[in-house]
Amino acid sequence: MSKDEGNAHLKAGRLAEAIASYTSALGAPSLSKEAVAALHANRALAHLKLNAASECVADCDAALSAQPGYVKAMYRRAQAREALGSPADLGAAFRDAQAALRLDPENREAALLARRLKAAVDACSAADESAPRAATEALRRAVADGAGEEELARCVGRMSKVAEDRSQGPALVHTGAAAELVSLLPREDEVVDASSLRMPLVGLAVEALERMAAICQACEGQPRPRDPLHASLAGRLLAACRAALPDVIRSLSWLAHRSSLAILARLLTPAAAANGKGDDKSEDEAFHKGACAAAEAALSPTLRDPEAEWEAHAAAVHGVTAVLEVNKKVGAWLLRQESIFWSLAEVAELEDEGLQRSLAEIYAHAAADVSLFKDKEGEEPIRHLRAFLRSPRPKVRARACVALAKVCLLHHDHRARIDPTGKLLAATRGLLEAKVPPHVHRWAVEALMYLTLMPDLKEHLAETGARFGSLVAVAHSASKDPSLHHALVSALGALCAPREKSDEQKRLEQEMDEAQIEQMRQLAAGGAGGAAPSERKDDPAVLTKLAATLVEDDAVLVLAELVAAAASRPGGSGASTLHTAARVLLSMATTPEARGKIVAQGGFKALLTCALCEHEPTATSAAWALAKVGISINPVAYPRRPGSGPESMVKPLLRLVDGAEHELQQFEACLALCNLATHPELQQRILTCGGWRTLTMSLACENELVQRAALEAMSNLTTADEVAAKFAEPGSTEAKIFVGFCGSDDPKAQLAASGAIATLAGDPEIGSALLGAGALEPLVNIALLSDDPPLLHRAAVGLANLFNNNADAILGPAAPTDQSELPGPALTAVGALITLSSSPVEPAKAAAVGALVQLRKTRPDVPMPPAEVVQAVVANIRAEHAAREAAEALLPRGGGDEVEVEV
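Just so it is clear, the model here is predicted, and its values are computed rather than measured.

Draft legend 1. How the structure looks around the overall build of the chain. Counting its regular elements, the chain contains 50 helices and 0 strands. Counting over 903 residues, the chain shows a buried share of 51%. Residue pairs at least 24 apart in sequence account for 69% of intrachain contacts in the chain once pairs closer than 6 positions are excluded. Only carbon and sulfur atoms are counted for the fraction: they give 53% of the accessible area of the chain, which is about 41,000 Å².

Quick look at the structure:
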């Protein structure tokens, strides 16, 4: 595909095809910087028209890296950042628009955009500076003026909203908001029953305090058990409410407000755990028993009472859901009580979104209990959940998807009835692609996480070519809701990354065949308590295909968002996310066609982040993925941002070459370095990081493919002055290495070594060192024995440069009177040039003819050997070669396993 095809698609509105054409065109070799910039800018426009602002920004960054001062790219990046809408993005957009105007003052569109952005930036600045302070002052005034509970609740709700924004939360803490909120909490003697709890005011205050406490912990990077916010919540509120705990739980279950969950979470958390001191197991157990008794006293009578009002029954169902959300251990105990679980189903037929949502959520929690879904007992819940899949309400469908996926995974006997590859999969995929609130995406991602643990479902996805649609909406939700991150990266990992093997599994694979290992695994999984056998192994080809599909569905954008968030978490708490993300990106990079999009959508930067991890498996996976990407991508096509350009991948690649777990990693890392070494700046970076030594050590590997890849990378580095100087040293080890590979039996190794020798021989000093290392013989053998055009060309150029610059060293200082007195090597070398001068390979012929003409000019005293002498020399060398090959064919071959490396 070409730029012209992309332009035609773009003009016709075929945006996806335009993006594909520009991506393909970027993979072409030898693109100028101007061409790279134009292709990225055009692809950015296509992304912008698709409302994919993040991808547009990435392409504009790449265009400006290739061609700084490119006004069109600046303008489009400003448009994209305006669409992103955050204060930081608006500020950056305004700076882009100003820069475009400085370069093109007559650009009317840029002037209009700059004017609009300035107004937006000014408005954001005013709001950002005043929001935390204004929220605290408003609450202080309301308290001082004796405002009613409705006004106080409005002020506290505003403060909670400010605390939810991580960028404004620290400023809120410093305004003294915590003291104002604590003053609203009840004292121990104030709560005699639930009605005196002043809801939702107290719930909102607790919610705001919880958010501020989380901000304090994040700022410190570690828990703060003695924080006054925690002390207030764990002491004052808990002591006040626990005296009337059953009554409080019953009353809170009627409130359809998130603030009720904030209070329940505190009431159903042991005081020691709330203070960060949860080490006393006996105290925890006592608290658990009391919490279970309180929850049962609050909810069980209503659920079991056939005469209870529907409103009360519905409130009790919501109460069970709330208890499950804030304390799964207490909630699970409730569900195991006789008749409670089955009494919940009475609300299933009601057309009430809240009740259906709560029931589906309860089923999702209950799916882990074998007794509740054993045999026919699971039929009624499954019937309800399948009906919920048809609900027009995303919140209900999402929870039903999780419940059914969990039942499929944990209760194999129900799998055929549910059919996870049918409506369940379709509903989950639809929710992932839809523009729904982040909490709905969180449930959909959890459903996907359970579904992707089933190999049959993955095979179905691969065979049918099913797509998830664009995952841009999920990426947007992930940027807003950190609770999505773990489930999302786990689902992507289960979908396309091979399962990690323990040390025990690796040991077994060395001692037993695969069928025996699988039999042992299934027996072990089903041997205890009648548990269902574990899922069988995934097919690697299926995983690779699914990884490529995910790249097409913009999953790289999601991973880039997850990695950026995980890397910013304090204390290494994001290490698990980084590890799984690196494994997923590695699986994606296995498909060569996907590598361009991985770079364009931020996957390259994400891999660099993972490659710098202290966790060795994460760094290794990321470095290997970088190697795969580096093989295919032109070095000028990478984004050029400080700290995240192609130069940043050099150290991870060299570490992989030096400490690879197996030879495929080493081979691909060498190939990536070979590609990078074609660029002068990156060439210098490789040498500065000790790349020459690392690659030289790799030549000792027994695998010929690894040797060849390392040699090719070294050959590309020989154009650097620093390396050329190594060859000029007396007794140069480098010269001996390349001469040795030039005479090897591997044609591709010969190609790399002879190419380097041909280039280096243009310097007389290096040519002398090469002759001292015996370079003449392998070049002559290639010229007389090979029929490979590139090899013949390199041999001809190498011989020509040696004769042009070091003729006296080859022929001797004075010509003899008789041709037969020429040194043997000189006679064969001249014979090789004469043979090449009639070669059908035109470049080789031209080099040889030029060398012979130059030889006649500089050494007229050297007559050309007769044709019959040349023929005899050539025939003798070819006969010796044929005899050597015949002798080698009679030798016994080694029976060891060879490592097959596929590129």
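So, next bit.
Draft legend 2. A look at helix α8 (residues 149-164). Its 16 residues give α8 an end-to-end C-alpha distance of 22 Å, which sits within 8% of 22 Å, the value for a rise of 1.5 Å per residue. Buried within α8 we find Leu 152, Ala 153, Cys 155, Val 156, Gly 157, Met 159, Ser 160, Val 162 and Ala 163.

Draft legend 3. View of the environment of Ala 589. By secondary structure assignment, the location of Ala 589 is in helix α33 (residues 575-589). Residue Ala 589 is classed as buried on the basis of its relative accessible area of 0%. For the pair formed by Ala 589 and Val 551, sequence separation is 38 residues and the distance between their alpha carbons is 9.3 Å. When neighbours within four sequence positions are excluded, Ala 589 is seen to be in contact with Arg 595, Ile 598, Ala 625, Lys 628 and Val 629.

Draft legend 4. Structural view of the nonpolar core. By size, the foremost hydrophobic cluster in this structure holds 202 residues, and its most contacted members are Met 588 and Leu 770. Counting residues in each nonpolar core, the second largest holds 26 residues, with Ala 135, Val 156, Ala 163 and Val 206 among its members.

Draft legend 5. Spotlight on the environment of Asp 788. Relative to the assigned elements, Asp 788 resides in the loop between α46 (776-785) and α47 (789-811). For the pair formed by Asp 788 and Val 841, sequence separation is 53 residues and the distance between their alpha carbons is 9.1 Å.

Draft legend 6. Looking closely at the packing of helix α36 (residues 616-632) against helix α37 (residues 650-659). Between α36 and α37, the shortest axis-to-axis distance is 9 Å and the interhelical angle comes to 105°. One element, α36, and the other, α37, form an angle in the roughly perpendicular class. Of α37, the residues touching α36 (which contributes Thr 620, Ala 623, Trp 624, Leu 626 and Ala 627) are Pro 652, Leu 653 and Leu 656. By residue class, the composition of the contact of α36 with α37 is 7 nonpolar, 1 polar and no charged.

Draft legend 7. Main features of the pattern of salt bridges. Under the definition given, this model contains 14 salt bridges. For Asp 554, the salt bridge identified is with Lys 597, shortest N-O distance 3.3 Å. Remark: Lys 597 occurs in helix α34 (residues 595-600) and Asp 554 occurs in the loop between α31 (540-552) and α32 (555-567); sequence separation between them is 43 residues. In terms of burial, Asp 554 and Lys 597 fall into one category: buried. As a salt-bridge pair, Asp 808 and Arg 859 come within 2.7 Å of each other at their nearest N and O atoms.

Draft legend 8. Examining the side chain of Arg 415 more closely. Mapped onto the elements, Arg 415 comes out in helix α23 (residues 415-418). On the basis of relative accessible area, Arg 415 is assigned to the buried category, the value being 14%.

Draft legend 9. Summary view of the packing of aromatic side chains. Taken as a whole and assessed by the stated rule, the structure comprises 4 aromatic pairs. Relative to Tyr 638, the ring of Phe 604 has its centre 4.7 Å away and its plane inclined at 40°; by these criteria the two rings are tilted. Here Phe 604, found in helix α35 (residues 603-611), pairs with Tyr 638, found in the loop between α36 and α37; they are 34 residues apart in sequence, far enough to count as distant. For Phe 604, a relative accessible area of 1% translates into the label buried. Classification of Tyr 638 as buried rests on a relative accessible area of 0%. Judged by centre distance (6.3 Å) and plane angle (75°), the ring pair of Trp 692 and Phe 727 falls under edge-to-face. With Trp 692 in helix α40 (residues 691-698) and Phe 727 in helix α42 (residues 721-728), the pair connects residues that are 35 residues apart, well separated along the chain.

Draft legend 10. Seen up close, the side chain of Arg 583. Relative to the helices and strands, Arg 583 resides in helix α33. Those residues within four positions of Arg 583 in sequence are excluded, and the remaining contacts are Ala 497, Pro 498, Arg 499, Glu 500 and Ser 621.

Draft legend 11. Representation of unusual backbone geometry within the structure. Despite not being glycine, Ser 30 shows a phi value in the positive range, around 60°. Here Ser 30 is to be found in the loop between α2 (15-26) and α3 (33-49). Note on Ser 30: relative accessible area 72%, which makes it exposed.

Draft legend 12. The arrangement of the confidence of the model for the chain in detail. Considering every residue of the chain, the mean pLDDT works out to 79; 79% of them sit at 70 or more. Throughout residues 254-259 the model reports pLDDT below 50, and contacts reaching past four residues in sequence, or to other chains, amount to 12 contacts.

Draft legend 13. Broad picture of the packing of helix α27 (residues 472-480) against α32. Here α27 crosses α32 at 10°, and the two axes come no closer than 8 Å. The angle between the axes of α27 and α32 places the two elements in the roughly parallel class. Where α27 abuts α32, its residues Val 472, Ala 475, Ala 478 and Ser 479 lie against Leu 557, Val 558, Glu 561 and Leu 562.

Draft legend 14. Quick peek at helix α5 (residues 71-84). The end-to-end C-alpha distance of α5 is 20 Å, a good match for the 20 Å that 14 residues give at a rise of 1.5 Å each. Looking only at α5, the buried set comprises Val 71, Ala 73, Met 74, Arg 76, Arg 77, Ala 78, Ala 80 and Arg 81. Looking one or two residues past α5, Gly 85 carries a phi angle of roughly 85°, positive in sign.

Draft legend 15. Representation of the state of the cysteines in the model. The full count for this structure, using the stated rule, is 0 disulfides. Cysteine Cys 670 remains unbridged, with the sulfur of Cys 701 as its closest cysteine sulfur at 8.7 Å. Classification of Cys 670 as buried rests on a relative accessible area of 0%. Here Cys 674 stays unpaired: no disulfide links it, and the sulfur of Cys 670, its closest cysteine neighbor, is 9.2 Å away. Judged by its relative accessible area of 14%, Cys 674 falls in the buried class.

Draft legend 16. View of the environment of Leu 682. When you line up the elements, Leu 682 lands in helix α39 (residues 680-688). Judged by its relative accessible area of 1%, Leu 682 falls in the buried class. The spatial distance from the C-alpha of Leu 682 to the C-alpha of Pro 646 is 7.6 Å, given a sequence separation of 36 residues.

Reading the values: rules and limits
- Residues numbered from 1 in each chain as written.
- Predicted model: local features only at pLDDT ≥ 70, side-chain atom pairs only at ≥ 80, totals over all residues.
- Heavy atoms only, no water.
- Helix = DSSP H or I, 4+ residues; strand = E, 2+ residues; numbered from the N terminus.
- Buried < 20%, exposed > 50% of the residue type's maximum accessible area, 1.4 Å probe, protein only.
- Contact = heavy atoms within 4.5 Å.
- Areas by Shrake-Rupley, 256 points an atom, 1.4 Å probe, with all protein chains shown as cover.
- Expected span 1.5 Å × (residues − 1).
- Core = buried A, V, L, I, M, F, W, Y, C linked by side-chain atoms within 4.5 Å.
- Axes fitted to C-alpha atoms, helices over the stretch in contact; angles between N-to-C directions.
- Parallel < 35°, antiparallel > 145°, perpendicular 65-115°, else oblique.
- Nonpolar A, V, L, I, M, F, W, Y, C, P; charged D, E, K, R; others polar.
- Salt bridge = Lys/Arg side-chain N within 4 Å of Asp/Glu carboxyl O.
- Phe/Tyr/Trp six-rings, centres within 6.5 Å; stacked < 30°, edge-to-face > 60°.
- pLDDT = per-residue confidence, 0-100.
- Disulfide = S-S within 2.5 Å.

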